[in-house]
Amino acid sequence: MTTAQELETVVELVRAQRARTVVIGHGREAAPVAEAFARAWDGTVLAVVGWPEVAASWLRQARRFTAGEPDAWVVAGEARGWAGMSERLRRSTCWDPGRTYGFAGTAGAVAIASPGTLEGMRGAGRDGTVWRIGRNVIFQESSVTLPDSREEPPQEQRS
């Protein structure tokens, strides 16, 4: 389950991008997290798309996830399902991980997904800390900054 700090940080990250429209995606067990974000979001939610942790292809979900051409995507769920879904998104759609924001459970997908699949994705840890994914590296950031910031954070945590 998500924490209040985690939810607040993800909302602030998306707001910092100046997004108006979002699509929310989630693994089956993370539906309550997706619902909490939808309630907290003051912009437009174009769609909420759920996916299983294991699937033959995730193609149907990937198409629904990218159909509305949102300003940002927000994802919640376990690493395994998000890794599979994100790989399908990269292969089959116009999805951009640099416009994608995740909750704590999604960060671990960097260790499972193909190299570069999640590069540019940002999100929040359970304590509200901000993380950003490089090429198979998770950088810890000290605060919410605009997504196009190119500054390298001082700490890194290798996965």
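Residues numbered from 1 in each chain as written. Predicted model: local features only at pLDDT ≥ 70, side-chain atom pairs only at ≥ 80, totals over all residues. Heavy atoms only, no water.

**Q** Describe the environment of A72, and please don't skip the residues or the numbers.
**A** Tracing the backbone through its elements, the reader meets A72 in strand β3 (residues 72-76). The spatial distance from the C-alpha of A72 to the C-alpha of V22 is 4.9 Å, given a sequence separation of 50 residues. A72 has contacts with V14, Q17, A19, T21, V22, V23, R99 and Y101, leaving out every residue within four places of it along the chain. (Helix = DSSP H or I, 4+ residues; strand = E, 2+ residues; numbered from the N terminus. Contact = heavy atoms within 4.5 Å.)

**Q** Describe helix α1 (residues 4-16), listing the residues and the values that go with them.
**A** The terminal C-alpha atoms of α1, which comprises 13 residues, lie 18 Å apart, in line with the 18 Å expected from a rise of 1.5 Å per residue. Taken residue by residue, α1 has E6, L7, T9, V10, V11, L13, V14 and A16 as its buried positions. (Expected span 1.5 Å × (residues − 1). Buried < 20%, exposed > 50% of the residue type's maximum accessible area, 1.4 Å probe, protein only.)

**Q** Which residues make up the environment of A40, and what are the values?
**A** Within the secondary structure, A40 sits in helix α2 (residues 31-40). Measuring from C-alpha to C-alpha, the distance between A40 and V11 comes to 7.3 Å, with 29 residues separating the pair along the chain. In this structure, A40 is in contact with L7, V11 and R15, ignoring residues within four places of it in sequence.

**Q** Break down the confidence of the model for the protein chain for me, with residues and values.
**A** Across the protein chain, the average pLDDT comes to 89, with 88% of residues at or above 70. This model gives residues 146-159 a pLDDT under 50, and the stretch forms 27 contacts once residues within four places in sequence are excluded. (pLDDT = per-residue confidence, 0-100.)

**Q** Mind laying out helix α3 (residues 59-66), listing which residues take part and the relevant values?
**A** Taken residue by residue, α3 has Q61, A62, F65 and T66 as its buried positions. When α3 is viewed along its axis, its buried side chains cluster within an angular range of 120° and face the same direction. Residues R60 and R63 are exposed on α3 and point more than 90 degrees away from its buried face. Contacts made by the buried residues of α3 are with β1 (21-27), β2 (44-51), β3 and α4 (79-92). (Arc of directions from axis to C-beta.)

**Q** Describe the nonpolar core, listing the residues and the values that go with them.
**A** In this structure, W51, F65, W82, M85 and L118 are the most contacted members of the largest nonpolar core, which totals 23 residues. Taken together, the elements giving at least two residues each to this core come down to β2, α3, β3, α4 and β6 (130-133). At 5 residues, α4 tops the list of elements feeding residues into this core. Every residue in contact with W82, bar those within four places of it in the chain, is listed here: W51, V75, L89, W95, T100, T106, A109, L118 and M121. (Core = buried A, V, L, I, M, F, W, Y, C linked by side-chain atoms within 4.5 Å.)

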